[in-house]
Amino acid sequence: MFILGMGFVGTCFAHQLKSNGWEVFGTCTNENKKNKLEQMGFNMFTFEADKDGQEALSAIQDMSHLLISIPPVVGLGDPVLSLHQDFLRIILRDSKLCWLGYLSSTSVYGDCGGAWVDEESPTKPSKSSALARLAAEKDWLDLGRDLCVCVNILRLGGIYGPGRSAVDTIIKRKSLSNDHRTRESKRYTARVHVADISQAIKASMDLSSSGKIYNVVDDDPAPREEVFSFAYNLIEQKWPGKFTQAPMGSAPFKHLVGEKRVSNNRLKEELGVNLIYPSYKLGLQSIVETIKTRLISHGFW
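So, here's what we can say about the structure.

Basis of the calculations
- Residues numbered from 1 in each chain as written.
- Predicted model: local features only at pLDDT ≥ 70, side-chain atom pairs only at ≥ 80, totals over all residues.
- Heavy atoms only, no water.
- Helix = DSSP H or I, 4+ residues; strand = E, 2+ residues; numbered from the N terminus.
- Buried < 20%, exposed > 50% of the residue type's maximum accessible area, 1.4 Å probe, protein only.
- Contact = heavy atoms within 4.5 Å.
- Areas by Shrake-Rupley, 256 points an atom, 1.4 Å probe, with all protein chains shown as cover.
- Patch = residues over 30% accessible without salt bridge, like charges linked within 9 Å, V, L, I, M, F, W, Y side chains within 5 Å.
- Salt bridge = Lys/Arg side-chain N within 4 Å of Asp/Glu carboxyl O.

A word on the overall build of the chain. The helix and strand tally for the chain stands at 11 helices and 11 strands. Out of the 301 residues belonging to the chain, those deemed buried represent 51%. Pairs at least 24 apart in sequence give 78% of the contacts found in the chain among residues at least 6 apart. Of the accessible surface of the chain, which amounts to about 13800 Å², a share of 48% is contributed by carbon and sulfur atoms.

So, about a nonpolar patch on the surface. A cluster of nonpolar residues, Val73, Leu76 and Leu83, forms a patch on the protein surface that exposes about 230 Å² of accessible area. With respect to the element layout, Leu76 can be found in the loop between β4 (65–68) and α4 (79–92). Since its relative accessible area comes to 37%, Leu76 is described here as partly exposed.

For the rest of this paragraph, the subject is unusual backbone geometry. Glycine aside, residues mostly have negative phi angles, and peptide bonds mostly take the trans form. At Cys148, a residue that is not glycine, the phi angle is positive and equals roughly 60°. Tracing the backbone through its elements, the reader meets Cys148 in the loop between α5 (128–147) and β7 (150–156). Even without being a glycine, Ser208 presents a positive backbone phi close to 50°. As for its placement among the helices and strands, Ser208 is situated in the loop between α8 (194–207) and β10 (213–216).

In structure tokens, the structure reads:
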């Protein structure tokens, strides 16, 4: 397996593969992270798409599976294909590659007024980043078709997990990013635990149904305010009075707008995925049970 972009999701999935006997290669953007990932047992390359990356990309020709977890750049599109497509086509023409996965986003559906959407629903992204995602999906699907390689698109909801959750934000007293604050105005927000993303990727590899798109989300498209309120209550029950910060989220429910509710029926029915965390409540409860030990090890407690 070669993972272009060993970030939060890529690293979690790499650990799952490694525990099952896979040899994992991947890329990151700096030497410090490269060294840390190599210490975990991964074969790493530094790779920045706007620079010469032929050494890293050349390694893909000996791989059976390729996962792309690098976001598109507004105004450029997918940075790997925009800058290296000709080279990729040359090295993959006679390669061992049999499966390619691209991690996209449910943002490609746009605002659907709170209606349910599935993989057959029209895509109508309004944000430039979502437009770039949709264009990248098409470009990777086209590349796979031309090279006779199975390609799957996985449209992820908001990603959370240990170290990246409402619980972590409250305990670390972090401020919300502008993007997160924007999500506070949405009545429905698609999300998914990183462990469920990993099993969805593996299931799509095993099925290898070329050209298929899968929504990777949980069963509960709850608003962010509800999620942060629940997270704060969990923390207060576990450590009464230790964290006095009010629940995150400030927009009253009556002001929340529709957006969309994303269906995961295809994920369950075609890929046979049984979600480990079908709701944010189960996911956050799991995180609270282990967070103290993890934060002490990182100097946050």
